[in-house]
Amino acid sequence: MEDEVDRLVAAWRRERPDLDVEPLEVLSRVSRLARHLDRARRTAFAEHGLEPWEFDVLTALRRAGAPYQLSPGQLLTQTLVTSGTMTNRIDRLTAKGLVVRLPDPDDRRGVLVRLTEAGRDKADQALAGLLAHEREILAQLAPAQQTELAALLRNLVAPFDRAGQ
């Protein structure tokens, strides 16, 4: 089975035989897959009335466990956005009734962001929808292949995650 990356690599090998284009074999496929996954995720979230960034914030809070709350700083760490962006996102989610701001009992100047019941329901429904879409994408791979691919990708991603901590 040939894909677009095979054609791209063949063209580069023909036009630039002096270069080792082997990295394109893997990383161009990862890049193309990321674009396809982004579209699938946007579709899955839209089915639940969410934007991807809304899903990211709501599910970060949901993963925190009861009472489903984090500080804005903790949300920044988990969603990789700036503090100004996070403030705007919290404001918009608050306006939708999906989160509330509460005073931080350990810091008089701080706040905590907590999921509302509607926010928790929305996060749970959107996650179930996303997983259904992702299972369809992965259905072409046997379970052992999925496990192997996850391990290989973890090896590539882990150094970036450590650098960002």
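The preceding data block contains the structure.
Residues numbered from 1 in each chain as written. Predicted model: local features only at pLDDT ≥ 70, side-chain atom pairs only at ≥ 80, totals over all residues. Heavy atoms only, no water.

Novice: Where do I start with the side chain of arginine 89 in this structure?
Specialist: Turning to its location among the elements, arginine 89 is positioned in helix H5 (residues 83–95). For the buried arginine 89, which has no salt bridge, the nearest side chain bearing the opposite charge is aspartate 56, at an N-O separation of 5.5 Å. (Helix = DSSP H or I, 4+ residues; strand = E, 2+ residues; numbered from the N terminus. Buried < 20%, exposed > 50% of the residue type's maximum accessible area, 1.4 Å probe, protein only. Lys, Arg positive; Asp, Glu negative; His and termini not counted. Salt bridge = Lys/Arg side-chain N within 4 Å of Asp/Glu carboxyl O.)

Novice: Please explain the pairing of strand E2 (residues 99–104) as it appears in this structure.
Specialist: Along any regular strand, the residues point their side chains to alternate faces of the sheet. In this sheet, strand E3 (residues 107–115) lies alongside E2 in antiparallel orientation, the contact comprising six bridges. In the sheet register, aspartate 104 faces E3, and the bridge partner there is aspartate 107. (Pairing = 2+ DSSP bridges.)

Novice: Help me understand the sheet that holds strand E1 (residues 69–70), please; the structure alone is not making it clear to me.
Specialist: Through backbone hydrogen bonds, the strands of a sheet pair up, either in parallel or in antiparallel fashion. Judged by pairing direction, the sheet is antiparallel, and its three strands sit side by side in the order E1-E3-E2 without closing on themselves. Two strands lie at the open edges of the sheet, namely E1 and E2, each paired on one side alone. Bridge analysis of E1 against E3 gives two bridges, and the strand direction is antiparallel. Considered in E3, the bridge of leucine 70 is made with valine 113. Contacts between H5 and the sheet are confined to E2 and E3, with E2 contributing the most and set at about 120° to the helix. (Contact = heavy atoms within 4.5 Å. Axes fitted to C-alpha atoms, helices over the stretch in contact; angles between N-to-C directions.)

Novice: Whenever I open this one, unusual backbone geometry confuses me. Can you help?
Specialist: Across the chain, the bulk of peptide bonds are trans and the bulk of non-glycine residues have phi less than zero. Residue proline 67 is bonded to the preceding alanine 66 through a cis peptide linkage, with omega at 10°. Structurally, proline 67 can be placed in the loop between helix H3 (52–63) and E1. Although it is not a glycine, tyrosine 68 adopts a positive phi angle of roughly 60°. Here tyrosine 68 lies in the loop between H3 and E1. Judged by relative accessible area, tyrosine 68 falls into the buried class, the value being 16%. With phi around 55°, leucine 80 is a residue other than glycine that occupies positive phi space. Mapped onto the fold, leucine 80 is located in the loop between helix H4 (72–79) and H5. Owing to a relative accessible area of 73%, leucine 80 belongs among the exposed residues under this scheme.

Novice: Is there a simple way to think about a nonpolar patch on the surface in this case?
Specialist: On the surface, a nonpolar cluster with roughly 540 Å² of combined accessible area is contributed by Val26, Leu27, Val30, Leu149, Leu153, Leu156 and Val157. Among the secondary structure elements, those contributing two or more residues to the nonpolar patch are helix H2 (22–46) and helix H7 (143–163). A total of four residues in the nonpolar patch trace back to one element, the largest contributor, which is H7. Mapped onto the elements of the fold, valine 30 is located in helix H2. The class for valine 30 is partly exposed, based on a relative accessible area of 35%. (Patch = residues over 30% accessible without salt bridge, like charges linked within 9 Å, V, L, I, M, F, W, Y side chains within 5 Å. Areas by Shrake-Rupley, 256 points an atom, 1.4 Å probe, with all protein chains shown as cover.)

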